Amino acid sequence: MKKFLLFLLLAATSMLVVPEAIYAELPYRTSYYDSNQAAWLRIQPIYTPAETKRIRFVEPIDLQIGSDDKVYVADKGANKIIVLDNDGELLLTIGEEEGDSMLSAPEGLFITPEGVIYVADSGNQRIAVFGPDGKFIREYKKPASSVLEQSHFVPVKLVVDRRGVMYISLNSSYQGLLRVNGAGEFMGYFGANKAQQTVLNWLKKLILNKEQLSKELASLPRPITNVAIDHDGFIFTATAAGFGQGAIRKLNAGGVDAFKNKTLVNGHGIVDVTSDANGFLYNIDMGSGRINIYDKNGEALFAFGFMDNATQQYGVLGFPTSIGVDSKFGVWVSDSRTGTIHKFVRTEFGSDVMNALGLYLDGKYEQSKPYWDRVYARNDMYNGTFQGLGKVYLHENNHEDALSFLKTAFDTKGYSKAYWQIRLDFLQQYFLWMVAAIAVLLLLVRYVPRAIRKQIKRRPLPESWQRPLGDLRNLWYIMFHPYEGFYKLKEAKVAPWIIILILICAVAVKIATIYYTGFLFHPVELSQINLIGSLGLFVVPWITWIIANYLVCSIKDGEGKFREVIQGSTYALAPYLFFSIPTLILSNMVTLDERIIVDTLNAVMFLWMGVMLIVMTQVIHNFDFMETLKNIAITVFTIGTIWLFAFLVFGLSYNLYDFFYQLYKEVTFYG
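Residues numbered from 1 in each chain as written. Predicted model: local features only at pLDDT ≥ 70, side-chain atom pairs only at ≥ 80, totals over all residues. Heavy atoms only, no water.

A.B. asks: Let's hear about the overall build of the protein chain: which residues, and what values?
C.D. replies: When helices and strands are counted, the protein chain shows 16 helices and 25 strands. A globule of 671 residues ought to have a C-alpha radius of gyration of about 26 Å, yet the protein chain, at 36 Å, is considerably larger. Oriented by its inertia axes, the alpha-carbon framework of the protein chain measures out at about 115 × 100 × 80 Å. Per-residue burial for the protein chain yields a buried fraction of 42% across its 671 residues. When contacts within the protein chain are restricted to residue pairs at least 6 apart in sequence, those whose partners lie at least 24 apart make up 52%. Per element, the accessible surface of the protein chain, about 37,400 Å² overall, is 61% carbon and sulfur. For the protein chain, the centre of its 63 positive side-chain charges and the centre of its 63 negative side-chain charges are spaced 10 Å apart. (Helix = DSSP H or I, 4+ residues; strand = E, 2+ residues; numbered from the N terminus. Rg over C-alpha atoms; globule rule 2.2 N^0.38 Å. Buried < 20%, exposed > 50% of the residue type's maximum accessible area, 1.4 Å probe, protein only. Contact = heavy atoms within 4.5 Å. Areas by Shrake-Rupley, 256 points an atom, 1.4 Å probe, with all protein chains shown as cover. Lys, Arg positive; Asp, Glu negative; His and termini not counted. Charge placed at Lys NZ, Arg CZ, Asp CG, Glu CD.)

A.B. asks: Describe the packing of aromatic side chains, listing the residues and the values that go with them.
C.D. replies: Evaluation of the coordinates by the stated rule reveals 28 aromatic pairs. Summarising the aromatic geometry, the rings of Phe186 and Tyr189 are spaced 5.7 Å apart at their centres and angled 75° between planes, so their arrangement reads as edge-to-face. According to the relative accessible area criterion, Tyr189 is partly exposed, its value standing at 25%. Measuring from centroid to centroid gives 6.1 Å for Tyr360 and Trp372, while their planes differ by 80°, and the two rings are edge-to-face. Of this pair, Tyr360 sits in helix H4 (residues 348–361) while Trp372 sits in helix H5 (residues 365–378), placing them 12 residues apart in sequence. This pair shows no difference in class: Tyr360 is buried, exactly as Trp372 is. Each member of the aromatic cluster is reached from another via a ring pair, and the members are Trp476, Phe480, Phe578, Phe579 and Trp608. Its guanidinium or amino end placed over the ring of Phe329, Arg346 lies 4.2 Å from that ring's centre, counting from NZ or CZ. Its end group placed over the ring of Tyr447, Arg446 keeps NZ or CZ at 5.7 Å from the ring centre. (Phe/Tyr/Trp six-rings, centres within 6.5 Å; stacked < 30°, edge-to-face > 60°. Lys NZ or Arg CZ within 6 Å of the ring centre and 35° of its normal.)

A.B. asks: Pulling in residues and values, what's your account of empty space enclosed by the protein?
C.D. replies: Left-over empty space is what a probe sized like a water molecule reveals as it rolls over the atoms. Within this structure, the stated rule accounts for 1 cavity of 30 Å³ or more. Taken as a whole, the largest cavity spans an internal volume of roughly 60 Å³. The wall of the largest cavity is formed by Thr52, Lys53, Arg54, Ile55, Phe57, Leu84, Gly88, Trp332, Thr340 and Ile341. Considering only residue class, the lining of the largest cavity consists of 5 nonpolar, 3 polar and 2 charged. (1 Å grid on protein atoms, 1.4 Å probe; cavity = no way out; pocket = protein on both sides within 12 Å on 5 of 7 lines; lining within 4 Å. Points joined across faces, edges and corners; volume = space filled by probe spheres on them. Nonpolar A, V, L, I, M, F, W, Y, C, P; charged D, E, K, R; others polar.)

A.B. asks: How would you sum up the nonpolar core? Please name residues and give values.
C.D. replies: In terms of nonpolar packing, the biggest core is built from 51 residues, with Tyr47, Tyr282, Ile293, Phe302, Phe344, Leu357 and Tyr382 touching the most fellow members. Dropping the residues within four chain positions of it, Phe344 is found in contact with Tyr28, Tyr47, Thr48, Pro49, Ala50, Ile291, Phe304, Gly315, Leu317, Gly330, Val331 and Val333. Listed in part, the 32 residues of the second largest apolar core include Val509, Val565, Ala574 and Ile639. (Core = buried A, V, L, I, M, F, W, Y, C linked by side-chain atoms within 4.5 Å.)

A.B. asks: Tell me about the packing of helix H15 (residues 595–621) against helix H16 (residues 625–670), residues and numbers included.
C.D. replies: Where H15 contacts H16, the axes come no closer than 9 Å and their chain directions differ by 115°. Taken together, H15 and H16 sit at an angle that is classed as roughly perpendicular. Relative to H16, the crossing made by H15 is right-handed. Note on element contacts: H16 touches H15 through Phe625, Thr628, Leu629 and Ile632, opposite Leu613, Ile614, Thr617 and Gln618. (Axes fitted to C-alpha atoms, helices over the stretch in contact; angles between N-to-C directions. Parallel < 35°, antiparallel > 145°, perpendicular 65-115°, else oblique. Left-handed = near helix turned anticlockwise from the far one by under 90°.)

A.B. asks: How would you sum up the pairing of strand E15 (residues 186–190)? Please name residues and give values.
C.D. replies: Examined bridge by bridge, strand E14 (residues 177–180) and E15 share 4 bridges and lie antiparallel to one another. What sits directly across from Leu178, in E15, is Tyr189. Linking E14 back to E15 in an antiparallel pair, the connection comprises 5 residues, with Gly184 at a positive phi of about 85°. (Pairing = 2+ DSSP bridges.)

A.B. asks: How would you explain the pattern of salt bridges if you had to name every residue and give the values?
C.D. replies: For the structure on display, the rule yields 17 salt bridges. Residue Glu594 pairs with Arg423 through a salt bridge whose shortest N-O separation is 2.7 Å. Remark: Arg423 occurs in helix H8 (residues 412–458) and Glu594 occurs in the loop between helix H14 (574–587) and H15; sequence separation between them is 171 residues. Judged by its relative accessible area of 22%, Glu594 falls in the partly exposed class. The closest approach of N and O atoms between Lys490 and Glu564, which form a salt bridge, is 3.4 Å. On the criterion of sequence distance, the pair formed by Lys490 in helix H10 (residues 482–491) and Glu564 in helix H13 (residues 562–571) is long-range, its members being 74 residues apart. Linked by salt bridges that have partners in common, Glu348, Asp352, Arg374 and Arg378 make up one network. (Salt bridge = Lys/Arg side-chain N within 4 Å of Asp/Glu carboxyl O.)

A.B. asks: How would you summarise the sheet that holds strand E18 (residues 248–251) if you had to cite specific residues and measurements?
C.D. replies: Taken together, 3 strands build an open sheet; the order of strands is E16-E17-E18 and the sheet is antiparallel. Because the sheet does not close on itself, it has two edges, and the strands there are strand E16 (226–229) and E18. Going from strand to strand, the sheet's axes swing by 20° on average, the running direction of each strand aside. With 4 bridges joining them, E16 and strand E17 (residues 235–238) adopt antiparallel strand pairing. Pairing of Ile229 across the sheet is with Ile235, part of E17.

A.B. asks: Explain the sheet that holds strand E9 (residues 117–121) to me, using residue names and the numbers behind them.
C.D. replies: The strands that make up a sheet pair up through hydrogen bonds in the backbone, lying either parallel or antiparallel. Across the sheet, 4 strands lie side by side as E8-E9-E10-E11; this open sheet has antiparallel pairing. Edge positions in the sheet fall to strand E8 (106–111) and strand E11 (136–140), since each has one partner strand and no second. Between one strand axis and the next, the sheet turns by 20° as a mean value, whatever way the strands run. Pairing between E9 and strand E10 (residues 126–130): 5 bridges, direction antiparallel. By the bridge assignment, Ile117 is partnered in E10 with Phe130.

A.B. asks: Lay out the side chain of Thr638 with the relevant residues and their values.
C.D. replies: For Thr638, the position within the fold is in helix H16. In this structure Thr638 comes out as buried when scored by relative accessible area, which is 18%. For Thr638, the side chain forms a polar contact with the main-chain oxygen of Ile634, separated by 2.7 Å. Excluding residues within four positions of it along the chain, Thr638 makes contact with Ala548 and Val552. (Polar contact = N/O pair within 3.5 Å; in protein donor to acceptor, adjacent residues only side chain to side chain.)

A.B. asks: For the packing of helix H7 (residues 399–408) against H8, give the residues involved together with the corresponding values.
C.D. replies: Two elements in contact, H7 and H8, have axes separated by 9 Å at closest approach and are oriented at 150°. By the angle between their directions, the pair H7 and H8 is classed as roughly antiparallel. Every pair of crossing elements has a handedness; the one defined by H7 and H8 is left-handed. When H7 is examined against H8, the residues His399, Glu400, Ala402, Leu403, Leu406 and Lys407 are found in contact with a partner set consisting of Gly414, Tyr415, Ala418, Tyr419, Gln421, Ile422 and Asp425. Broken down by class, the residue content of the contact of H7 with H8 amounts to 7 nonpolar, 3 polar and 3 charged.

A.B. asks: Outline helix H6 (residues 383–395), supporting the account with residue identities and numerical values.
C.D. replies: With 13 residues, H6 should reach 18 Å at 1.5 Å per residue; the first-to-last C-alpha distance of 18 Å fits that figure. With respect to burial, H6 is a largely interior element, 12 of its 13 residues being buried. Among the residues of H6, those classed as buried are Asn383, Gly384, Thr385, Phe386, Gln387, Gly388, Leu389, Gly390, Lys391, Val392, Tyr393 and Leu394. Of the residues flanking the end of H6, it is Asn397, one or two places downstream, whose phi is positive at about 65°. (Expected span 1.5 Å × (residues − 1).)

Any link to function would need more than the numbers given here.
Next up, the structure:
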């Protein structure tokens with residue numbers, strides 16, 4: 001027994017000393033935005049948290065990076081500006097001395113390329129200016145202007161352009177940025193947001209008189225949350241709320257928005273925005289709880305980070321207030337809840353992908369190729385790589401590879417260009433052969449039917465075949481002679497197997513269009529197609545049309561029988577059968593520039609089918625034209641009612657099933 005216990009003790013000890021596998025994982029996920037699929041997809045980290053000196057702050061509210069990579073932090077709670085080096089080491093504090101330099105609740109700051117520090121000294125209602133050494137230079141109070149007499153001057157954010165003109169965001173101001181020159185003179189408002197106009201407001205303006213409208217609450221523009229300026233002098237304003245519309249605006253000197261009030265992805269609650277030397281935009285969005293990266297056109301690229309109100313972990317944000325980027329593309333974020341400054345640095349993969357994107361967006365495809373190759377070696381699932389390499393191969397006239405990569409990236413525009421070149425090469429190489437093939441095809445179309453007819457005259461088909469063949473030929477005849485064709489159809493009794501055969505052909509054509517329509521007109525992953533759902537959307541409307549048409553027209557004294565409605569509705573599918581195949585073939589031959597051909601054929605097909613259904617209803621039920629239109633309108637309404645009823649029945653049935661299923665589980669659990 002003692003030996004056994006000793007053996008167990010040794011075994012337990014050996015288990016404890018065996019090293020365990022340890023996995024290092026970031027506390028957040030990184031995603032990239034696939035604009036072709038309009039979806040966020042996971043990717044390996046672009047940025048990781050970096051170690052700094054972790055100086056504690058009271059309430060860091062704003063952060064700026066100087067041209068020398070010094071980090072300037074406005075600590076509102078401590079009433080001072082703190083200057084750090086790029087490792088987070090404390091270099092200087094500003095605003096603690098008594099006198100003119102003393103700050104009170106500073107909320108914003110801006111650093112010029114020469115190192116001059118402008119502070120939005122909110123508590124003192126002024127703009128305080130300090131030299132690079134932290135010595136007080138001067139202050140700007142509220143400018144003297146009749147326009148500002150009723151306004152409070154509480155600056156919270158600001159930027160300064162190359163001319164020394166200040167663009168100041170005032171507390172809760174909806175009039176835009178206050179523009180003040182170097183002499184402290186008021187130059188007007190700049191870059192105000194547009195007031196949100198809703199349908200309700202429009203109706204009020206239409207119905208109410210001036211006196212009534214004056215009692216309504218005015219629809220005011222949203223205040224600007226933050227402001228930044230890039231290396232080219234464009235001013236970026238950040239505005240929270242609004243579902244991303246106009247969340248970031250890129251204003252030139254004239255106040256014109258280069259983004260044209262664009263709706264940003266992940267732009268619901270933007271706190272701050274900044275840009276790096278390559279023009280990429282970075283923002284913090286409280287709505288998505290992440291740091292987002294956009295290209296210079298405002299298209300979403302990556303998102304990373306995580307917010308947690310109770311966080312105690314470096315790299316996880318509590319309540320971010322500002323963002324800045326240094327010359328090495330390190331991202332700095334001030335966090336007022338944790339009283340810290342977070343620093344994120346690019347990973348090796350992040351550097352490669354951002355360099356590739358930067359060169360790619362500048363049109364330097366050849367220079368971007370080595371970076372794309374390295375990105376592809378690390379991640380062969382990132383669609384941006386396929387799009388980037390596809391454009392590179394397209395630029396190198398390697399159209400075959402470009403076609404493959406651009407198709408994988410679902411880039412229809414690039415795919416169309418590559419395909420156009422491939423088709424041109426093919427036509428130049430095989431033009432004579434194609435002319436010969438077309439000539440042979442025309443001859444076959446002209447003479448083969450004649451030969452078949454001659455053979456039929458010599459050796460007539462059995463009598464039992466005549467009627468089914470006549471019914472099938474009527475499918476073509478009815479397209480060009482609908483009134484005469486449907487009258488013949490009403491008098492005839494088409495065999496059920498012919499109706500079923502036509503319906504099977506229609507379903508087969510539908511399946512062919514789902515799987516074989518050209519990529520430019522159906523850019524989807526074929527393995528992800530829900531075939532049952534797609535066929536349901538095709539078959540269910542046709543079935544409900546038959547039921548609703550018969551029911552409505554029977555009540556309205558229509559003469560058509562249910563069998564005749566099924567026959568007529570089946571033959572009305574003739575344009576779909578005869579147009580879909582050539583449209584399908586053309587969709588694999590034309591480019592996006594020529595898509596009007598396919599779109600026109602589709603439009604003609606649906607119009608033709610609509611006309612067929614109108615004529616069918618008129619002839620089968622013996623209505624006049626106006627009666628037909630009225631009954632078709634009622635039929636459409638009935639179709640909607642049937643679908644709504646079916647939806648309610650399905651929902652209630654599912655609830656009933658779920659109730660009994662849960663009851664069964666509970667009974668079996670306690671039984």
